[in-house]
Amino acid sequence: CEHGMRDAVEKKVAKAKADHGLDMASLKLRLIPQEVMDIPPKIRIEIKRVSLEENRLQQLPRTFFSSFQGAQSLMLYRNRLCSVPPDIGLLQNLTFLVLSDNNIQALPPSIGDLVSMHTFHVTNN
């Protein structure tokens with residue numbers, strides 16, 4: 001089953017490189033796969049949509065947001081996140097953010113730096 005998951009991740013990473021959207025939803029991920037963080041920077045900056053909803057993520061890598069600074073849409077709902085890394089404020093192009101249905105107790109002050117955001121959902125935390 002581990003091999004099947006690796007194949008699924010590799011296919012989704014290859015698709016992200018082609019269509020500027022990273023769809024890793026509903027894969028039962030506990031961690032962000034290293035293959036995602038290994039996407040070359042010149043390709044990561046072009047990714048506009050990041051979908052990681054309906055997984056089992058408890059935390060994000062410290063450099064996750066700084067790695068996807070071109071993101072306009074970020075879907076992280078229905079995970080097990082307890083916190084949001086402060087570098088979320090680096091996502092200056094972010095317009096749509098969904099953090100609902102997690103275990104987040106507080107948001108970092110840098111969330112206020114998201115000046116382009118027009119849709120923000122954070123219910124059921």
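If you're wondering where the values come from, they're calculated on a predicted model, not measured in any experiment. (Residues numbered from 1 in each chain as written. Predicted model: local features only at pLDDT ≥ 70, side-chain atom pairs only at ≥ 80, totals over all residues. Heavy atoms only, no water.)

Here we take up the packing of aromatic side chains. Taken as a whole, this structure holds two aromatic pairs when the rule is applied. Taking 5.5 Å as the distance between ring centres and 70 degrees as the angle between the ring planes, the aromatic pair formed by F64 and F65 counts as edge-to-face. On the numbers, 5.2 Å between centres and 45 degrees between planes, the contact of F64 with F68 is tilted. Here F64 matches F68 in class, with each residue buried. Grouping aromatic residues by their ring pairs yields a cluster made of F64, F65 and F68. (Phe/Tyr/Trp six-rings, centres within 6.5 Å; stacked < 30°, edge-to-face > 60°. Buried < 20%, exposed > 50% of the residue type's maximum accessible area, 1.4 Å probe, protein only.)

Turning next to unusual backbone geometry. Glycine aside, residues mostly have negative phi, and peptide bonds are mostly found in the trans state. Positive phi outside glycine occurs at K28, with the angle close to 60 degrees. Along the polypeptide, K28 turns up in the loop between β1 (21-23) and α2 (34-37). Non-glycine residue R78 carries a positive phi angle of around 55 degrees. With respect to the helices and strands, R78 occurs in the loop between β3 (73-75) and β4 (96-98). (Helix = DSSP H or I, 4+ residues; strand = E, 2+ residues; numbered from the N terminus.)

Moving on to the sheet that holds strand β2 (residues 49-51). Across the sheet, which stays open at both edges, the five strands sit in the order β1-β2-β3-β4-β5 with parallel pairing between neighbours. Each of the sheet's edge strands pairs with one partner strand only, and the pair in question is β1 and β5 (119-121). When the angles between neighbouring strand axes are averaged without regard to direction, this sheet yields 5 degrees. (Pairing = 2+ DSSP bridges. Axes fitted to C-alpha atoms, helices over the stretch in contact; angles between N-to-C directions.)

Counting 33 residues, the largest nonpolar core has V50, L52, F64, F65, L74, L76 and L97 as the members making the most contacts within it. Among the secondary structure elements, those contributing two or more residues to this core are α1 (2-19), α2 and α4 (64-67). Tallying contributions element by element places α1 first for this core, with three residues. In contact with L97, other than residues within four places in its own chain, are L74, I88, I111, L114, M117, T119, F120 and H121. (Core = buried A, V, L, I, M, F, W, Y, C linked by side-chain atoms within 4.5 Å. Contact = heavy atoms within 4.5 Å.)

Below, the discussion takes up the environment of S116. Secondary-structure assignment places S116 in the loop between β4 and β5. Each C-alpha atom of the pair S116 and L94 lies 5.9 Å from the other, and the pair is 22 residues apart in sequence. When residues no more than four places from it in sequence are discounted, the contact partners of S116 are Q92, N93, L94 and T95. At a separation of 2.8 Å, a polar atom in the side chain of S116 contacts the main-chain carbonyl oxygen of Q92. (Polar contact = N/O pair within 3.5 Å; in protein donor to acceptor, adjacent residues only side chain to side chain.)

Just distances and angles here, no functional claims.
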